Amino acid sequence: MTIAANDFQSRLSILLGLQGAVLTDEELSHTTERYPRCRGKEHWDVREYARRFGVGAREYRVVRGSSIEDVYRSVERVRAAAVGTALNELESQERAGRVG
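Residues numbered from 1 in each chain as written. Predicted model: local features only at pLDDT ≥ 70, side-chain atom pairs only at ≥ 80, totals over all residues. Heavy atoms only, no water.

*Asks:* Can you help me understand the sheet that holds strand 1 (residues 44-50) in this one?
*Replies:* Remark on secondary structure: sheet strands pair via backbone hydrogen bonds, oriented parallel or antiparallel. Strand order in the open sheet formed by three strands is 1-2-3, and the pairing between neighbours is antiparallel. The open sheet has two edge strands with one neighbour each: strand 1 and strand 3 (70-74). In this sheet, neighbouring strand axes are inclined to one another by 25 degrees on average, regardless of whether the strands run parallel or antiparallel. Here seven bridges tie strand 1 to strand 2 (residues 58-64), and the two strands are oriented antiparallel to one another. Across the sheet, the residue bridging to Trp44 is Arg64, located in strand 2. (Pairing = 2+ DSSP bridges. Helix = DSSP H or I, 4+ residues; strand = E, 2+ residues; numbered from the N terminus. Axes fitted to C-alpha atoms, helices over the stretch in contact; angles between N-to-C directions.)

If you want it as structure tokens, here you go:
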């Protein structure tokens, strides 16, 4: 995808807001930085991983296809799912814009 960083952040924030999810500025910056590294055309999905340290034993990562590169991590599955859904919608809108 060739979405400018500022445009990416604002569009992602809007799509997350529609789901009732809000990311911190730090989370948005991290996701924006990681996004170009996670190439592919597969849908974004949430995978559950065991954590070594901290409260809770699980961490949820938003990844694409069989990649191990994640674009977002959270201890809350619902937040990770919201990010995955928003990214899928963002890319769907981008593809539709290219076609039209």
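After that view, the rundown keeps rolling.
*Asks:* Please explain the pattern of salt bridges as it appears in this structure.
*Replies:* A side chain with one charge can pair with a side chain of the opposite charge if their charged atoms come near. Inspection of every chain in the model, using the stated rule, returns ten salt bridges. Arg58 is the partner of Glu48 in a salt bridge, and the nearest nitrogen-oxygen pair spans 2.6 Å. With Glu48 in strand 1 and Arg58 in strand 2, this pair connects stretches of sequence that are ten residues apart. Look at Glu48 and you get partly exposed, because its relative accessible area is 43%. (Salt bridge = Lys/Arg side-chain N within 4 Å of Asp/Glu carboxyl O. Buried < 20%, exposed > 50% of the residue type's maximum accessible area, 1.4 Å probe, protein only.)

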